[in-house]
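What follows is the residue order along each chain.
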Amino acid sequence: MCLLFVMPAFVYHVVVVIIPSIKTVFLSFFDWNGISEAKFIGLQNYIEMFTKDAVLPIAFKNTMIWTLLFITVPVALALAAALGVSKVKRHLPQMLYRTIYFLPYVLSASIAGKIWSNFYNPFYGFNTVFEKLGLEKLSQVLWLGNPKIALFAVAFVSNWSWWGFVMVLFISALQQVDPALYEAAGIDGGNFWKCFIHVTLPGIAPTLIFVISLSLMWSILSFDFVWVMTMGGPGQATEMLSTWIYKNAFVSYRAGYANAICVLQSAIVLLIFFANQKISKKVEEIT
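These figures come from a predicted structure and were not determined experimentally.

In this section: the overall build of the chain. Looking only at helices and strands, the chain has 14 helices and two strands in total. Counting across all 287 residues of the chain, residues that qualify as buried make up 39%. Long-range contacts, defined as pairs at least 24 residues apart, comprise 68% of the intrachain contacts of the chain with a sequence gap of at least 6. On the chain, roughly 17,200 Å² of surface is accessible, and the fraction owed to carbon and sulfur atoms is 71%. The centroid of the 18 positive side-chain charges in the chain is displaced by 3 Å from the centroid of its 13 negative side-chain charges.

Within the largest apolar cluster, 44 residues are counted, with the highest numbers of intra-cluster contacts made by Trp66, Tyr120, Met167, Phe170, Ile204 and Phe225. For this core, the element with the most residues is helix H9 (residues 150-174), which contributes 14 residues.

For the rest of this paragraph, the subject is the packing of helix H6 (residues 109-120) against H9. Two elements in contact, H6 and H9, have axes separated by 11 Å at closest approach and are oriented at 135°. Looking at the two axes, H6 sits oblique to H9. Like other packed secondary-structure pairs, H6 and H9 cross with a definite hand, here right-handed. Contacts between H6 and H9 involve Ala112, Trp116 and Tyr120 from the first element and Ala153, Phe156, Val157 and Trp160 from the second.

The next subject is the pattern of salt bridges. For the coordinates displayed, the defined rule picks out two salt bridges. Put simply, Glu48 and Arg254 hold a salt bridge, and the shortest N to O gap is 2.9 Å. On the criterion of sequence distance, the pair formed by Glu48 in helix H2 (residues 44-51) and Arg254 in the loop between helix H13 (241-251) and helix H14 (255-286) is long-range, its members being 206 residues apart. With a relative accessible area of 29%, Arg254 lands in the partly exposed category. Note that Glu239 and Lys247 form a salt bridge whose closest N and O atoms lie 2.9 Å from each other.

Our focus in this paragraph is unusual backbone geometry. Omega for the bond connecting Gly233 with Pro234 falls within 30 degrees of zero, at -5°, which places this linkage in the cis form. Within the secondary structure, Pro234 sits in the loop between helix H12 (224-229) and H13. Non-glycine residue Met231 carries a positive phi angle of around 55°. Structurally, Met231 is set in the loop between H12 and H13. Residues other than glycine seldom take positive phi values, yet Tyr253 does so here, at roughly 55°.

Take the environment of Trp227 next. Looking at where Trp227 falls in the secondary structure, it is placed in helix H12. Judged by relative accessible area, which is 18%, Trp227 ranks as buried. For the pair Trp227 and Met240, spaced 13 residues apart in sequence, the C-alpha separation works out to 9.4 Å. When neighbours within four sequence positions are excluded, Trp227 is seen to be in contact with Thr243, Tyr246 and Lys247.

Tracing the backbone shows Thr63 in helix H3 (residues 55-70). The class of Thr63 is buried, set by a relative accessible area of 0%. Among the polar contacts made by the side chain of Thr63, one reaches the main-chain carbonyl oxygen of Ala59 at a distance of 2.7 Å. Contacts of Thr63, omitting those with residues within four sequence positions, involve Ser219, Ile220, Met240 and Leu241.

Rules used in this analysis
- Residues numbered from 1 in each chain as written.
- Predicted model: local features only at pLDDT ≥ 70, side-chain atom pairs only at ≥ 80, totals over all residues.
- Heavy atoms only, no water.
- Helix = DSSP H or I, 4+ residues; strand = E, 2+ residues; numbered from the N terminus.
- Buried < 20%, exposed > 50% of the residue type's maximum accessible area, 1.4 Å probe, protein only.
- Contact = heavy atoms within 4.5 Å.
- Areas by Shrake-Rupley, 256 points an atom, 1.4 Å probe, with all protein chains shown as cover.
- Lys, Arg positive; Asp, Glu negative; His and termini not counted.
- Charge placed at Lys NZ, Arg CZ, Asp CG, Glu CD.
- Core = buried A, V, L, I, M, F, W, Y, C linked by side-chain atoms within 4.5 Å.
- Axes fitted to C-alpha atoms, helices over the stretch in contact; angles between N-to-C directions.
- Parallel < 35°, antiparallel > 145°, perpendicular 65-115°, else oblique.
- Left-handed = near helix turned anticlockwise from the far one by under 90°.
- Salt bridge = Lys/Arg side-chain N within 4 Å of Asp/Glu carboxyl O.
- Polar contact = N/O pair within 3.5 Å; in protein donor to acceptor, adjacent residues only side chain to side chain.

This is the structure in structure tokens:
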């Protein structure tokens, strides 16, 4: 009887995840434009990927920078906000803070990306405000047009959208920490930082690891904000693995080569997943 309830989810997983994954690996060994008959070329796609593709190292570097920003800035900001909001004892003000901070996450990436693209517009965005304030240097910055800062400008928007969701997770974790531990630490003379290090962090460690792991995997697969705001430009300044896959598959019509990059991207995510499993087990043993 139990199998009957599990079967629909299992079939869905096989059709939507397992079969496409196997097909992706299979097609990575072919020269295929996505329409006509595929031609088997063995490891040529992988050889080209590691020896001839000049854009792939740039996309990989940008993805790593994006990932580093994604697992530090929003996580730290969300934890700080969660600590502050959890100190608010009255229910209505606390819910108001939660709602305000969580709202950016509700907006779709396409909408948020377009809104911030207008904010970054040099003719009627932030630059006009900076000009009126007399900040001449800031008013001349091309936020999405300067290759040196475009990636950080887009990453800021992604972090702005993501951190509210992380904050809610941290608030939930903080509520699970036994208040008696803080009372005991206070009796022993523990200040805020000692309580944070010895009580708060161990108490929310499983959630912290989960958040970092989730942020790692999602950041490596990031596509939406970059594509909506810059499409990987200017040049390849904001090119990501995901955008390079899309361009190869649907712009250059090199679906076989795009599948090979997908395999590389999936391998990175799997390594993160298995590393997270080992770290989670160690944390569970310690706590």
